[in-house]
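# Remarks on the overall topology
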Amino acid sequence: MPNFSKNIRMKKNIISILFLLSVLAVFSQKNEFKYLCKFKCAFQRDSLNPQSKFTDIMYLNIFLNYSEYYSFLRQTGLKNMYSDMTGGVPLQNASKDRSRYYDKNESEVLTYDFKTKNLKVVDMLTSSTFCYEEKHQEPLWDIKQDTMSILNQLCQKAITTYKGRSYIAWFTNAIPYNIGPWQFTGLPGLILKVTDTQNQFEFECIELINSPKIENPIFFMYNDCKKTITKNRLKDLKKLKATDYMEFARQTMGVSVTDQKTGLEIKKPIKPYNPLDLTN
Amino acid sequence: MKLFFLILVLPICFNSFAQNIISGKISDTIGQPITGANITLSKKYQPQILSFTFSDSKGAYSLKCVNSLDSIEINVTVVGYASTKMMILNLPQVLNFILTEKETILPTVVVKPIPIFNKGDTTIYNVSSFSNKQDRLIGDIIAKLPGIEMDGNGQIKYNGKAISNYYIDGLDLLEGKYNIANQSIPYDLVDQIQLIDNHQPIKVLDSFTTPITPALNIKLNDKGKNRLIGKGKVGIGLTPTLLDNELTFLKFKSNVQLISSYKYNNTGLSLTNELNNNISIKQVGNNSEQNTKDDILNTITDFKTSLPLSRTLFNQTHLAYFNILKLFKNTGELKINLSFLNDNTTSTEITNTTFYTSFNTINQRQIQKDNSNLNQLSSNFIYTLNKKQFYIKNTGKVQLSYSKEKSIISDTNNLTQKLSNPFYQYSNDFLLYVPIKKKIYSIASSFNYNEAPQMLEVVPGQFSQVFNSAFPFEKISQYATLDNFNTNNNISFFSRFGKNQLQLKFGSEYVNKVINTSIQKTYLQTKYNLNDSFQNNLNWKNSRIYFVSDITFKEKKKKLILSIPAEFSHVSLLDKIKKYETKISNFFVNPSVVLVLPSSSNFETQLSYNSQSTFGSPAQLTSGLILNSYRNINQYDSLVPKTLQHIYSLSEFYKNPIKAIFGYLTFSYSKSRKNLITKETYYNFYSKAESIEYTNNQFSFQLNTNLTKYFIPIKTNVSLSYSLNAISFPQYLQNNFVTIKSISNNVQLNILISKFKKANFTSNSLFFISKNEISPNSSSPSGKIYRLQQSLKVFYFLFKNFSCFSNMSYYVTRDNELVAKNYLFWDAGAKFSIKKNDIEFQLTNLTNTKYFTSISAKNNVKQIITQEIRPRNFLIKYFFNF
């Protein structure tokens, strides 16, 4: 009797170990970091001022079934800031001196599922994280016969009008991923360069790394997000944060900044805002 | 997996259709549909895609072909499967594809980082763009960055301006002793070197004042952070037995930094300059000359040769240091810097010294063998609290050093001189800034006490006619003690009006220096203490009250800094031997003005004027005779020396990091008005210096210029610099009033080529010419002295893990009287890399040059020094990391 129960227990153990291994195998396969494309992006923050261009480094991490797209500088900065705070640098100091860690880099992290074509968006505005999920609206491309070499890859031209702007894209079918920077998908190869026709936005791939052995720097993931929000509300909040930070602080954190002398709320001039997505 | 692919083609022709539709299904070898495969059509032999589609979740696809061609190429690609390409007729048809699993080899294209770029006020150098296999330490990289110069003491200048802070990942662990970091941190732990202009380290002052000197930050990579890094070196060689060992520990975390090391060598590698303080910030008050060591006695080893020290240094040096920085949760920062140096050196020199006077010359020749031993313990304890609300910094320093020097001088007169030279210093600086209602108040307080009880012993006794009625005697011992106490305290106030700033400072300084000297002679085995005329007991007190108003006018990046310091200074000098007291009071206003004019983002002009009024040191007021060295006696029975100096300078800086061009041009002219003149009298073997009252002017002119261009595509750095120094001053020489003029020119061209994978080249060329003149006598003391140096260092990277180098240096020295001396030095070596460790073989002085003669001139003195050179050496070193 003891031997029998021992055998059963052993079998159970073996089955559970096999199950665990198979789960791990599937999990690790799903999360295998296949390809990394680094984009240098220039965004014109004020549509009327060509001098207001801001440069960011965006990463497109490609896994087996999905991709992630985010600002490397923002996420690395957040990670370092968090590391410093847990490592003894006082919270007040670190959060006040945020500019030590990152600048006005893009805060949005996009996750795109290749099979379901669902797009998950997570955004950290100040210390709050907001997220939503939607069916991805794919651009409709018109491919042209022009070619150009980018990073030694032969690229073909394609044009589209997407979310209120007209774009010229360059893709390579030597890298058969149907994705690109931001929400540009749907070409038969990786998109290495996109510019809008008004020259306000530019995405250009600067590095391609196969099977990258680097640590994923994303500081906050979609699954960490606790505040689901509608797409339009998030767009409104982002616009408010960029144009009128005082009002944004009042609406999201209940904080208002007043002048010590007059006691009146401080108003700052409305700043320009020029988002990629022009749809309402 | 077995590699195969199978294509099932089921063409069905529908000739009657006007638009051709090709459809089908994409699946894998076990029949599972493949989603998201790219199906494209293109012309034969042409890469351009005519139309495309993707397979859906069931693997199905449908594609219109709008081209009128007879045949087209269909291509199916998807990551993880072998791609399929075939020519088909341009007809409506159904094509099913079965794809075989196959790893897709995707391209990797890594772009090398931009070597230099600008980010706001910061110029960023990517270390990987400048590093080569021969480099080991971050100091090696900094020294060759375009726009950066590092001098022999390790001081770093960025485009001609000395840096004011040296940070490691934003923390200032070492302050001015940053050579420690340069000589300890491996370059591969560093990502970037950042030069920050307009950097204000004190947060309270952030929006008030910005220094015009740059700061340097070393940005570590992930390899350099959050772990204890150990590295070591074991070196052994011949001849004689050579050792070169090192053990270093480093740790850089966000809240703790540590650099600790022990080093020993007898290979000619000087370790003393690692402890040099290369940043001198006048933190408290204006007069910071009080803390420096003021030697009364010395052994005359002033003149330096043009050779690198490593060729002439016979040493046994131990150096240990421990530097730690801890950041507390309240943002407080505690730094402890401890170091111990034990340095033993020997040298042999043959010196021919010529003293030129207006009507004759005096020659001295001697062979001098020196032994010196220095033990120095330094400790700094620094606490800083740098917040927006307030700033506190307290620096406590203790330095204890004891040095012994022994010289044996032969030829004209065999004698031995011994100098014991201890120095003990204790100091504390305190600084507080508090903002109150948009104004900043500051309190600064410092005190310093140091003592230097020196003793010089000369055997046999010298200057017998002075000390022993011309009878030869056995020994003379000179004792000299200098005790120095000073304290400086001030309060200041910063305010802003519009874009402009105002700082008012009110403070006082008290300096007390006590000098005691006495002479003892040994004659016929009896010791005699000499009488009052050979003794000094001076008590010097200098009290200053100062009021400084600094106004900074700002217009965008243009700045005008106007400083008007007014001070009342009172000096009292009590000579206890002569029993008399002198008191002098003076009121000085020494204005200074600095104008900073950035004419564009690349050009900046700086104009400045400042004046300084200073009293001389009490060491220049000793009425009793002092034997400074075996051949000098001084007697300054004079007034208190006063100097009023006016300095004018004009600088033009050019900086274009994008094009990697850096340059500067600095003119500086100064006029010093002195109330005393030095009277030098030379005898056959010794000289005597006195001071006499005579108002005189000293003029000096300096021009420094440098132009550096880094050619990015060919990884070549070219740097050309020129400097001119001219000085003119009067002197009372052999009872004659003369004017001494001295001019020196220095041209230097450095070229570094790192383009080639298999080799690197470094060429340094230097041409130096100097001229000294004494007027009214037309004959110059030494005529012109010429010096030419050319060195070429080549590194060959023969294999991945093996490299070798050859370093050749050629020196030519000549003057009007001496036939030109030419020297060739050649060093060679090889390096094997085994994983993280290296083995290095080094052969030094292959030509086995034994002696080196150099000529130098200073004022009216010319020296021809022949020095012993380190012999041919072989050294094997093992570098390891753990």
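Refer to the structure above for everything that follows.
Keep in mind it's a predicted model, so treat the numbers as computed, not measured. (Residues numbered from 1 in each chain as written. Chains lettered and ligands numbered in written order. Predicted model: local features only at pLDDT ≥ 70, side-chain atom pairs only at ≥ 80, totals over all residues. Heavy atoms only, no water.)

## Re the overall build of chain A
Which entries qualify depends on this criterion: Note on conventions: DSSP H or I runs of at least 4 residues are helices, E runs of at least 2 residues are strands, and numbering of each starts at the N terminus. When a residue's accessible area, from a 1.4 Å probe over protein chains only, is under 20% of the maximum for its type it is buried; when over 50% it is exposed; and in between it is partly exposed. Note on contacts: a residue pair is in contact if any heavy atoms of the two residues lie within 4.5 Å. Per-residue and other accessible areas were derived by the Shrake-Rupley procedure at a 1.4 Å probe size, with only the shown protein chains allowed to occlude residues.
Summing up its helical and strand segments, chain A has five helices and 12 strands in all. Here chain A holds 280 residues, and the buried ones make up 46% of them. Here the contacts in chain A between residues at least 6 apart in sequence split such that 56% fall between residues at least 24 apart. Accessible area of chain A: about 15000 Å², with a carbon and sulfur share of 55%.

## Overview of the interface of chain A and chain B
Rules: Defined in terms of a 1.4 Å probe, buried area is the accessible area two parts forfeit on being brought together, summed over both. Any carboxyl oxygen of Asp or Glu within 4 Å of a side-chain nitrogen of Lys or Arg constitutes a salt bridge here. Nitrogen and oxygen atoms within 3.5 Å of one another constitute a polar contact, given that in protein one can donate a hydrogen and the other can accept it, and given that sequence-neighbouring residues count only through two side-chain atoms.
In this complex, chain A contributes 34 residues to the contact, which on the side of chain B involves 30 residues. Roughly 2800 Å² of surface becomes buried between chain A and chain B when both sides are summed, with 56% attributable to carbon and sulfur atoms. The interface formed by chain A and chain B contains zero salt bridges. Run the count over chain A and chain B and you get nine residue pairs in polar contact (both at pLDDT 80 or more). Taken together, the elements giving at least two residues each to the side of chain A that touches chain B come down to α2 (72-86), α3 (91-96), β7 (142-150), β8 (153-162) and β11 (201-210) of chain A.

## Focus on helix α4 (residues 231-243) of chain A
The periodicity of an α-helix, 3.6 residues per turn, causes residues three or four places apart in sequence to face the same way. Filter applied, for reference: A helix is expected to span 1.5 Å multiplied by its residue count minus one.
Taking 1.5 Å of rise per residue, the 13 residues of α4 of chain A would be expected to cover 18 Å, and the 18 Å separating its terminal C-alpha atoms lies within 8% of that figure. Buried positions along α4 of chain A lie against β4 (108-113), β5 (118-125), β6 (128-135) and α5 (245-253) of chain A.

## As for a nonpolar patch on the surface
Residues and elements named next belong to chain B. Put simply, the test is: Residues form patches when they are more than 30% accessible in relative terms and have no salt bridge. Like charges link within 9 Å. Nonpolar side chains (Val, Leu, Ile, Met, Phe, Trp, Tyr) link within 5 Å.
On the surface, I443, I491, F506, I545, F547, I564, F568, F587 and V589 cluster together into a nonpolar patch covering about 840 Å² of accessible area. At the level of elements, β29 (536-555), β30 (558-575) and β31 (580-589) are the ones that each hand at least two residues to the nonpolar patch. Note that I564 resides in strand β30.

## Focus: the packing of aromatic side chains
Test applied: We call Phe, Tyr and Trp rings a pair once their centres come within 6.5 Å, taking the six-membered ring for Trp, and we label the pair stacked below 30 degrees between planes, edge-to-face above 60, and tilted otherwise.
As enumerated under the stated definition, the model contains 45 aromatic pairs over all chains in all. Between the aromatic rings of Y166 of chain B and Y178 of chain B, the centroid separation amounts to 5.0 Å while the plane-to-plane angle is 5°, which identifies the pairing as stacked. One end of the pair, Y166 of chain B, is in strand β14 (residues 165-168); the other, Y178 of chain B, is in the loop between β14 and α3 (179-182), with 12 residues separating them in the sequence. By the burial criterion, Y166 of chain B is buried, and Y178 of chain B matches it. Every member of this aromatic cluster is reached through a ring pair, and the members are F43, W141, Y162, Y167, W182, F184, F201 and F203 of chain A.

## Considerations on the sheet that holds strand β13 (residues 161-162) of chain B
Strands pair in a sheet through their backbones, by hydrogen bonds, and they do so in one of two ways: parallel or antiparallel. Residues and elements named next belong to chain B. The test is simple: Two strands qualify as a pair provided DSSP detects at least 2 bridges between them.
The three strands lie next to each other as β11-β12-β13, forming an open sheet whose pairing is antiparallel. Both edges of this open sheet fall to β11 (148-150) and β13, since each of them pairs with a single strand only. Relative to strand β12 (residues 156-158), β11 runs antiparallel, the two sharing three bridges. The residue of β12 that forms the bridge with M150 is I156.

## Quick notes on the pattern of salt bridges
Pairing between side chains becomes possible if they bear opposite charge and their charged atoms approach one another. Residue and element names in this part refer to chain B. Scanning the entire structure with this criterion turns up 30 salt bridges over all chains. Measuring nitrogen to oxygen at the nearest pair gives 3.2 Å for the salt bridge that ties K231 to E246. Separated by 15 residues along the polypeptide, K231 in strand β17 (residues 228-238) and E246 in strand β18 (residues 242-252) bring together distant segments of the chain. Across the pair, E246 and K231 agree in class, each one buried. With a closest N to O distance of 3.2 Å, K233 and D244 form a salt bridge. Within this pair, whereas K233 is found in strand β17, its partner D244 is found in strand β18, the two being separated by 11 residues in sequence. Overall, the relative accessible area of 10% leaves K233 in the buried class.

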